[in-house]
Structure formats: C-alpha cells, structure tokens
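Each chain is listed here by its residues.
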Amino acid sequence: MRFRHPDGSTVHLAYCTNVHPAETLDGVLAQLRDHCEPVRRRLGRDRLGIGLWLAKDAAHALITDPAALRGLRAELERRGLEVVTLNGFPYEGFGAEEVKYRVYRPDWTEPARLDHTTDLAHLLAALLPEDVTEGTISTLPIAWRTPFDTARADAARTALTTLAERLDALEELTGKSIRIGLEPEPGCTVETTADAIGPLTALAGSRIGICVDTCHLATSFEDPANALGALTAAGVTIPKAQLSAALHAEHPHLPEVREALAAFAEPRFLHQTRTRTSAGLRGTDDLDEALTGAVLPDGAPWRAHFHVPLHAPPAPPLASTLPVLQDALARLVGGPAPLTRHLEVETYTWQALPPELRPRNRTQLADGIAAELTLARDLLVDLGLKELP
C-alpha cells in the first residue's frame, strides 16, 4: 500500500510474511498464493506491499538461480504484490515449535550473518518495483547480550562496515539503494534506541540505521518523543519502522492479572518482560519467568514483548500498547517530512495467542491481517497522508 505524504514523497505500508514462516522457495511461493493475495483481495486493493521474510535456504535458492529469482518477481506481479522491504532478522527455523534464543543466531559477530544479509540486499535490489529505487532490510541488533565482549563488538563493527561498503557497490551496479535497520530488542546488546546511537554513529555513512519496532519501544518503556528526538539529534537514520503493539499489565500484582498474563506465556517465542523502577528498567527474558516467584517487582506496570494484533487488544485486565504506536507513528510520518518511508505491520504471533484468540483457518488469519492493515491505513490517513491506488 502506498501513501502520498504532504511533502510529496511516497510512504509504503506492508505486512511482514514471517507470520507465514516458510523455509524453502516453494513455501514462499505458496505463501503468496494462500495468504498474501487473499489479504490483498480483502482490502480491495490492486496492489499490496509485503515485507518478505526469506529464510537462509530460500534466499540461497534465489541467489544461485537467476531463473528462480525472475520467477518470484513474476509471481509477485501476477498476484498484485510488491516488495520494498525484507525482514532479515530471523535466519532460519522461525516456524519451529521452539524458537526462543535461536532467533538471535547467527549474529553480527559471525560471517554467516554478513553473507546472508548481503544476499538479501542483492535479492531485494532485483525485486524492487521498477518505479522504486530504495529498499530496506531490518536485522537483529548486533547480538544477544551474552556472551558479548570487546572482541565480539569489534567483529560486529567490522562486519557492518563491510556490509555498508557492499551496499555502496550494489548501488553503483544496479542504481538501487539498499539500507539496513538494526532493530533494538529487549535482551540484546542494543536493547533501546539509546543503545544504538553509539554503535551507529561510529559507522561512517547512512547505509545502516535503526528499524524502530513500536512493540520493542513500548516494552522498554521508551518515550517516542525522546527516543526519536535523540536519534534525529545524533544523525541516526530510520530506514524502516515496524508497527506493532506489546502486552501491557497495569496492575501485575493482582492475581487476576497474573492469570490473564499466564495465558500468553507460550513455548515458541521469547516474551521479554519489563517494568520501570526507581532504579531503572528491570526485566526477565521471558514472561513465565516474570510470573514465577518474586523475580520481577510488581508494584508498577509490566510490559511483555508479545506482538498482539493491532486491531484486537486483549480483554481487560490486560491492554496493548497501541497508544505508543500511535504516538510514534505521528512523529515518524506526521511531521513536515517523514523520518522513514517504509512501514511494516509485524504481528508474527497470531498462532501463539491464547487458543481461544487464535485464527482457526486461513480465512480467519487473512481477515485479521487485513483488519490490522486497515487500522494502520486509517492512522496514516488521519495524519494527513493520502492513500494511492
């Protein structure tokens, strides 16, 4: 979906296909047929943007077979889909029964991460629509926080510098500019936008910036005005933003609140949980850890890294952090010029919701994704952006 900003530039809105995880090229093609095109039809659109997730094996199949890459591009066009952004965070296994800490490997200290992201950049340059010259890729925020030391930090900085050089060369070759957004996430070496400023200002150029995920922003209790203002002041770019909402518990000490939260503790993904105290941010790596014993103070609200559907907040006594998303979005694209032109709805946890809230079939999932995109579209229109055909 495309929108015209009042300054004349085009803002793209997509949804991320990691909600339909597939490890192979055949699986990706099936996603387009079984999920993405039905969502487009529900929205009554001739064209729908998708934030494509390409696992290692699918990316390798495309990068080594030009005919397969041409076939994917043709299939996107045939189904009325376009790609201007990729989700390069998960490397493989995102559809496994247990993902948890595996999603952070390989990290930016390992050659496989650099090689995979380079491949993604080349693929995205080939998949961009003819009238689009800029693509973006979101990636993990360097590494999980442990183990991490000076040597690993140096290795990551070298890899990101090499990546920026490769992206410069790619633009010279293709005329397509590909930019990377590190995605701050609780528990990682870059947990907040503030954590990102130092590493990114140490890198020359603007190829690598931040992907602002509004669920992660809210989970860490970051104020959008302060976070985005600090990035702007430091000259850190925002190639991409992910529109997502976290789980919010206003009174986590109450038994009924803990019972409601326990329904969201599930075995597949990490749901880092945070609270603010007078001593600063406190947290656990997962929601079930927060709920057992007295590990996490419960005298102030908790927020959990659980991407809840934008249009369907959990029932009381829980809530979502949609207001944080709205505040951040207003600051990202509601000003005289957009801070980013690539927006992606990323609710990959539909099948991890409590059983009674999960879609029971493809039809219900497509309905839900279309409803999320409709909410995002309405927010953009309310900010003065004009939806384009």
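J.: Outline unusual backbone geometry, listing residues and values.
T.: Omega for the bond connecting Arg105 with Pro106 falls within 30 degrees of zero, at -10°, which places this linkage in the cis form. A cis amide bond, omega 15°, links Pro316 with the succeeding residue Pro317. Tracing the backbone through its elements, the reader meets Pro317 in the loop between β12 (302–308) and β13 (318–320). Even without being a glycine, Phe221 presents a positive backbone phi close to 55°. Examined against the element boundaries, Phe221 turns out to sit in the loop between α7 (214–219) and α8 (224–234). The class for Phe221 is buried, based on a relative accessible area of 11%.

J.: Talk me through the nonpolar core; I want residue IDs and the actual numbers.
T.: Counting 113 residues, the largest nonpolar core has Leu13, Tyr15, Trp108 and Leu373 as the members making the most contacts within it. By residue number, the principal contributor to this core is helix α12 (residues 362–382), which donates nine residues. For Leu373, the residues in contact, after removing those within four places along its chain, are Met1, Leu13, Ala14, Tyr15, Val39, Leu43, Leu48 and Val345. If you look at the next biggest cluster of nonpolar residues, it comprises five residues, including Leu217, Ala218, Ala227 and Val324.

J.: Tell me about the pattern of salt bridges, and name the residues and values.
T.: Enumeration according to the criterion identifies 32 salt bridges in this entry. A salt bridge links Asp57 to Lys56; the nearest nitrogen and oxygen atoms lie 3.8 Å apart. Looking at Lys56, the relative accessible area reads 29%, which means it is partly exposed. One salt bridge in this structure joins Glu134 and Arg179, with 3.4 Å as the shortest N-O distance. With Glu134 in strand β5 (residues 134–139) and Arg179 in strand β6 (residues 177–182), this residue pair connects regions lying 45 residues apart in the sequence. We note that Glu134, like Arg179, is buried.

J.: Would you mind going over the packing of helix α11 (residues 322–333) against α12 in detail, with residue names and values included?
T.: In contact at an axis separation of 10 Å, α11 and α12 are set at 45° when each is read in the N-to-C sense. Regarding the angle of α11 to α12, the classification is oblique. Crossing of α11 over α12 shows right-handed handedness. Between α11 and α12, the residues in contact are Leu322, Leu325, Gln326, Leu329 and Val333 and Leu375, Leu379 and Leu380, respectively. Residue classes in the contact of α11 with α12 are distributed as seven nonpolar, one polar and no charged.

J.: Explain the environment of Val308 to me, and be specific about the residues and the numbers.
T.: As for its placement among the helices and strands, Val308 is situated in strand β12. Through-space distance from the C-alpha of Val308 to that of Leu182 is 22 Å; in sequence the pair is 126 residues apart. In this structure, Val308 is in contact with Ala245, Ala246, Leu247, Phe264, Pro314, Ser320, Thr347, Thr349 and Glu372, ignoring residues within four places of it in sequence.

J.: Pulling in residues and values, what's your account of the environment of Gly187?
T.: Tracing the chain through its elements places Gly187 in the loop between β6 and α6 (193–201). Residues Gly187 and His342 lie 155 residues apart in sequence; the distance between their C-alpha atoms is 25 Å. Excluding its chain neighbours within four sequence positions, the residues that come into contact with Gly187 are Trp144, Arg145 and Arg274.

J.: Tell me what's going on with the sheet that holds strand β11 (residues 280–284), and back it up with residues and numbers.
T.: What the five strands build is an open sheet, ordered β11-β10-β12-β9-β13; its pairing is antiparallel. Looking at strand neighbours, the two that pair on one side only are β11 and β13, the edges of this open sheet. Recorded for the sheet is a direction-independent mean angle of 30° between the axes of neighbouring strands. Judged from the three bridges that link them, strand β9 (residues 245–249) and β13 form a sheet pairing that is antiparallel. Its bridge partner being in β13, His248 is matched across the sheet by Ala319.

J.: Tell me about the packing of aromatic side chains, and name the residues and values.
T.: Tallied over the full model, the rule gives eight aromatic pairs. Plain terms: the ring middles of Phe94 and Phe269 are 5.2 Å apart, the flat faces sit at 45° to each other, and that makes the pair tilted. One end of the pair, Phe94, is in the loop between β4 (81–87) and α4 (111–127); the other, Phe269, is in the loop between α9 (255–262) and β10 (273–277), with 175 residues separating them in the sequence. In terms of burial, Phe94 and Phe269 fall into one category: buried. Look at Tyr101 and Trp144: their rings are 5.3 Å apart centre to centre, the planes differ by 85°, and that puts the pair in the edge-to-face class. Here the residue Tyr101 occupies a position in the loop between β4 and α4, and Trp144 occupies one in the loop between β5 and α5 (150–174), the gap between them amounting to 43 residues. The class of Trp144 is buried, set by a relative accessible area of 9%. Through pairs of rings, three or more aromatic residues link up here, namely Trp53, Phe94, Phe269 and Tyr348.

Thresholds, definitions, all that
Residues numbered from 1 in each chain as written. Predicted model: local features only at pLDDT ≥ 70, side-chain atom pairs only at ≥ 80, totals over all residues. Heavy atoms only, no water. Helix = DSSP H or I, 4+ residues; strand = E, 2+ residues; numbered from the N terminus. Buried < 20%, exposed > 50% of the residue type's maximum accessible area, 1.4 Å probe, protein only. Core = buried A, V, L, I, M, F, W, Y, C linked by side-chain atoms within 4.5 Å. Contact = heavy atoms within 4.5 Å. Salt bridge = Lys/Arg side-chain N within 4 Å of Asp/Glu carboxyl O. Axes fitted to C-alpha atoms, helices over the stretch in contact; angles between N-to-C directions. Parallel < 35°, antiparallel > 145°, perpendicular 65-115°, else oblique. Left-handed = near helix turned anticlockwise from the far one by under 90°. Nonpolar A, V, L, I, M, F, W, Y, C, P; charged D, E, K, R; others polar. Pairing = 2+ DSSP bridges. Phe/Tyr/Trp six-rings, centres within 6.5 Å; stacked < 30°, edge-to-face > 60°.

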